[in-house]
Amino acid sequence: MALKGRKRIVIEHVRPEINAGRFPAKRVAGEEITVQADVFGDGHDVARAALLFRFQDEKEWQKILMQPEINDRWHASFPLNRIGRYYYTIQGWIDHFATWKRGFEKKYEVGQDVAVELMIAARLTEEAAGRAQDADSQQLKEYARALHDQNRDTAANMALDEPLEELMLRYPDPELLYTFERELRVDVDPRHALFSAWYELFPRSFGENPGEPGTFRSCERMIPRIADMGFDVIYFPPIHPIGETNRKGRNNSPTSEPGEPGSPWAIGCREGGHTSVHPDLGSIEDFEHFVQAAEQRHIKVALDMAFQCSPDHPWVNEHPEWFHWRPDGTVQHAENPPKKYEDVLPLNFETEQWRELWDALKEVFLFWIEKGVTIFRVDNPHTKPLPFWEWVIEEVKKVEPEAVFLAEAFTRPRVKYGLAKMGFSQSYTYFTWRYTKQQFMDYLTELTRGEIREYCRRTFGPIHRISCPNIYSSVDVLCL
């Protein structure tokens, strides 16, 4: 424990403080954050507390006096007007002037001699004047002279003057200030991180003519209709080239018929990988045109980010060390016994070339951000290391602070909450094993009243499924 010398204040039980400051709290632009803490000192002297805060590009702290609750609990709030990161901490000190004033009022009311007490007030005021600046310093000096020179009643009335106490509060003795040992953080996201209505759209299902596969261009005609229904996000499942090896067929058949495109989550073939679009859907320029058309109707485009590869993905040949290889020389495909997903290869995050792999995945995000995408629905993030997500989300937000990440994670509660701490803006909320009234009540209480609410935004997603005749057989309307 660091020695505090003349500092007599204790600060503890700060809220929000996620894992002792290891992770930031979360808010969206336009909200405010309320900070609470226990702040107290020894004896009967008056303790004070202030909340300090600054935005990430500011050097100077702004200060707000905290208000007392009960039992030495204090609180204060500050507005979050900018997207990015704010820092905050707490200061506490013994207020000798307020302590003096409390005792002086009692003595003065019963007619005791208060000459010495007024001398103490004058001295405290002179010391504060030495710490103050400009007009405040001059005004405090005038108070000090008056406390010396005026008669008892006039000086007493001046000493009890509220403006004097307000001035004194601004200039505590810096040697008596104790600042909490940690600078805490709150990350401020765009409004879409708090609430949005998503329309999931398989572009192939919207051809201009019956039975004709759709393209980015043909899908543009859907934008006004989607906007009129109140949606503000159009979500594309993977739009990349699809592998041919072990391609899945219609209705999850393990084999495909000629002309069937396969699962869009089996990403990559000779036409490219995660930074390419399927040629049947159009070009990169067509995709950018769609994004711009959506923006004109105040709709964001969200992309599905599935970090997995088909056996035909260029990375398999270029970076075989990024995959798991079996003793017989074959590459390990995804499986959940007895199910096999032979058209999908998981990435090997334990590779000795993990740095190169991390950098490549970061560049995928940055590529699509350059094309106008700032919202990403991440497929199965719980199957990738949490440290990777913490790093890549931080790196991406350095380039695009308005980036929003939705975690599609069918996993255990602690893993879900871990993903939120690592930086995911939102997370799917339903646990398939919660189905009784009491379980839902307990879950909602946990989400809304515990520490989780400070960093984990859970999305309840009612899905309306529209059947379509084409190979991508449905359109999901997902309200988050």
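Residues numbered from 1 in each chain as written. Predicted model: local features only at pLDDT ≥ 70, side-chain atom pairs only at ≥ 80, totals over all residues. Heavy atoms only, no water.

Asker: Any chance you could explain the overall build of the protein chain here in plain terms?
Answerer: Counting its regular elements, the protein chain contains 13 helices and 23 strands. Each of the three principal axes of the protein chain carries a C-alpha extent, and together these read 105 × 55 × 45 Å. Of all 480 residues assigned to the protein chain, the portion counted as buried reaches 52%. In the protein chain, of all internal contacts separated by at least 6 residues, the share reaching a separation of at least 24 is 73%. For the protein chain, the exposed area adds up to about 23,800 Å²; of that, 49% sits on carbon and sulfur atoms. (Helix = DSSP H or I, 4+ residues; strand = E, 2+ residues; numbered from the N terminus. Buried < 20%, exposed > 50% of the residue type's maximum accessible area, 1.4 Å probe, protein only. Contact = heavy atoms within 4.5 Å. Areas by Shrake-Rupley, 256 points an atom, 1.4 Å probe, with all protein chains shown as cover.)

Asker: Would you explain the environment of Asp113 in this entry?
Answerer: Among the secondary structure elements, Asp113 is positioned in the loop between helix 1 (96-109) and helix 2 (115-131). A sequence separation of 39 residues divides Asp113 from Arg152, and the C-alpha atoms of the two residues are 9.1 Å apart. Within polar-contact distance, the side chain of Asp113 engages the backbone nitrogen of Ala115 at 3.1 Å. (Polar contact = N/O pair within 3.5 Å; in protein donor to acceptor, adjacent residues only side chain to side chain.)

Asker: Before we go on, may I ask you to explain the pattern of salt bridges in this structure?
Answerer: Oppositely charged side chains are able to pair whenever their charged atoms sit close together. On inspection of all chains with the given rule, the structure shows 33 salt bridges. A salt bridge links Asp57 to Arg82; its shortest N-O distance comes to 2.9 Å. Of the two residues, Asp57 sits in the loop between strand 4 (47-55) and strand 5 (62-65) while Arg82 sits in the loop between strand 7 (73-79) and strand 8 (84-94), which places them 25 residues apart along the sequence. Accessibility expressed as a relative area gives 51% for Asp57, which makes it exposed. Two residues, Arg123 and Glu127, come together in a salt bridge whose shortest N-O distance is 3.9 Å. Note that Arg123 and Glu127 are positioned in helix 2 at a spacing of 4 residues, about one turn of the helix. (Salt bridge = Lys/Arg side-chain N within 4 Å of Asp/Glu carboxyl O.)

Asker: I'm lost on the packing of helix 1 against helix 5 (residues 162-170) in this one. Help?
Answerer: Relative orientation and spacing of two packed helices are given, respectively, by the angle between their axes and the distance between those axes. Taken N-terminus to C-terminus, the directions of helix 1 and helix 5 make an angle of 150°; their axes are 9 Å apart at the nearest point. Relative to helix 5, the element helix 1 lies roughly antiparallel. When helix 1 is examined against helix 5, the residues Phe97, Ala98 and Lys101 are found in contact with a partner set consisting of Glu162, Leu164, Glu165 and Met168. When the residues that make up the contact of helix 1 with helix 5 are grouped by side-chain class, the tally is 4 nonpolar, no polar and 3 charged. (Axes fitted to C-alpha atoms, helices over the stretch in contact; angles between N-to-C directions. Parallel < 35°, antiparallel > 145°, perpendicular 65-115°, else oblique. Nonpolar A, V, L, I, M, F, W, Y, C, P; charged D, E, K, R; others polar.)

Asker: Would you mind showing me how to read the nonpolar core here?
Answerer: Burial of nonpolar side chains together is a common tendency in soluble globular proteins. With 69 residues, the main nonpolar core has Phe287, Trp368 and Trp389 as its most contacted residues. Per element, the largest residue contribution to this core is 9 residues, and it comes from helix 10 (residues 354-370). Leave out the neighbours within four places in its chain, and Trp368 touches Ile239, His240, His274, Thr275, Ser276, Val277, Ile284, Phe287, Leu303, Met305, Val373 and Phe376. Within the second largest apolar cluster, 27 residues are counted, among which are Val14, Ala37, Tyr86 and Leu184. (Core = buried A, V, L, I, M, F, W, Y, C linked by side-chain atoms within 4.5 Å.)

Asker: What should I look at first to understand the confidence of the model for the protein chain in this one?
Answerer: Low-pLDDT stretches of the model should not have their predicted coordinates read in fine detail. Confidence in the prediction of the protein chain, expressed as mean pLDDT, is 90, and 94% of residues score 70 or more. Counting contacts from residues 463-480, a segment whose pLDDT is below 50, to residues more than four positions away or on other chains yields 68 contacts. (pLDDT = per-residue confidence, 0-100.)

Asker: Would you take a moment to explain helix 1 for this structure?
Answerer: Because the α-helix completes a turn every 3.6 residues, residues three or four places apart line up on one side. Between the first and last C-alpha of helix 1 there are 20 Å, a value that for 14 residues agrees with the 20 Å anticipated at 1.5 Å per step. Listed as buried for helix 1 are Phe97, Ala98, Thr99, Trp100, Lys101, Phe104 and Tyr108. Where the residues of helix 1 are buried, they touch strand 4, helix 2, helix 4 (152-159) and helix 5. Measuring from the backbone nitrogen of Phe97 back to the side-chain oxygen at the start of helix 1 gives 3.1 Å, which picks out Asp95 as the cap. Taken from the residues just after helix 1, Gly111 is the one with a positive phi, measuring 80°. (Expected span 1.5 Å × (residues − 1).)

Asker: Even after reading the chapter, I still don't get unusual backbone geometry, so can you show me in this structure?
Answerer: Excluding glycine, residues mostly carry a negative phi; peptide bonds, for their part, are mostly trans. In this chain, Arg15 is followed by Pro16 through a cis amide linkage whose omega measures -5°. Its location among the elements puts Pro16 in the loop between strand 1 (9-15) and strand 2 (25-28). Positive phi, close to 55°, is recorded for His13, a residue that is not glycine. The residue His13 is located in strand 1 in this model. Taking relative accessible area as the criterion, His13 reaches 46% and is therefore assigned partly exposed.

Asker: Just to check I follow, could you spell out helix 11 (residues 386-399) for this structure?
Answerer: Here helix 11 contains 14 residues, and its C-alpha end-to-end distance of 21 Å stays within 8% of the 20 Å for a straight helix at 1.5 Å per residue. Along helix 11, the positions that sit buried rather than exposed are Phe388, Trp389, Trp391, Val392, Ile393, Val396 and Lys397. Where helix 11 is buried, its residues meet strand 10 (184-189), helix 10, strand 18 (375-379), strand 19 (404-408) and helix 12 (413-422).

Asker: What should I look at first to understand the state of the cysteines in this one?
Answerer: Evaluated as defined, the whole model comprises 0 disulfides. Cys269 supplies the cysteine sulfur nearest to Cys309, a cysteine that is in no disulfide, at a spacing of 12 Å. (Disulfide = S-S within 2.5 Å.)

Asker: What should I look at first to understand the side chain of Gln426 in this one?
Answerer: Here Gln426 shows up in strand 20 (residues 426-428). Owing to a relative accessible area of 2%, Gln426 belongs among the buried residues under this scheme. Looking at Gln426, its side chain comes within polar contact range of the main-chain oxygen of His192, at 3.0 Å.

Asker: Help me understand the pairing of strand 13 (residues 300-305) in this model?
Answerer: Two faces, one strand: in a regular strand the side chains alternate between the faces of the sheet. Counting buried positions along strand 13 gives 5 out of 6 residues, so the element sits mostly inside the fold. Across 4 bridges, strand 13 lies against strand 18 in parallel orientation. If you follow Met305 over to strand 18, its bridge partner there is Val378. (Pairing = 2+ DSSP bridges.)

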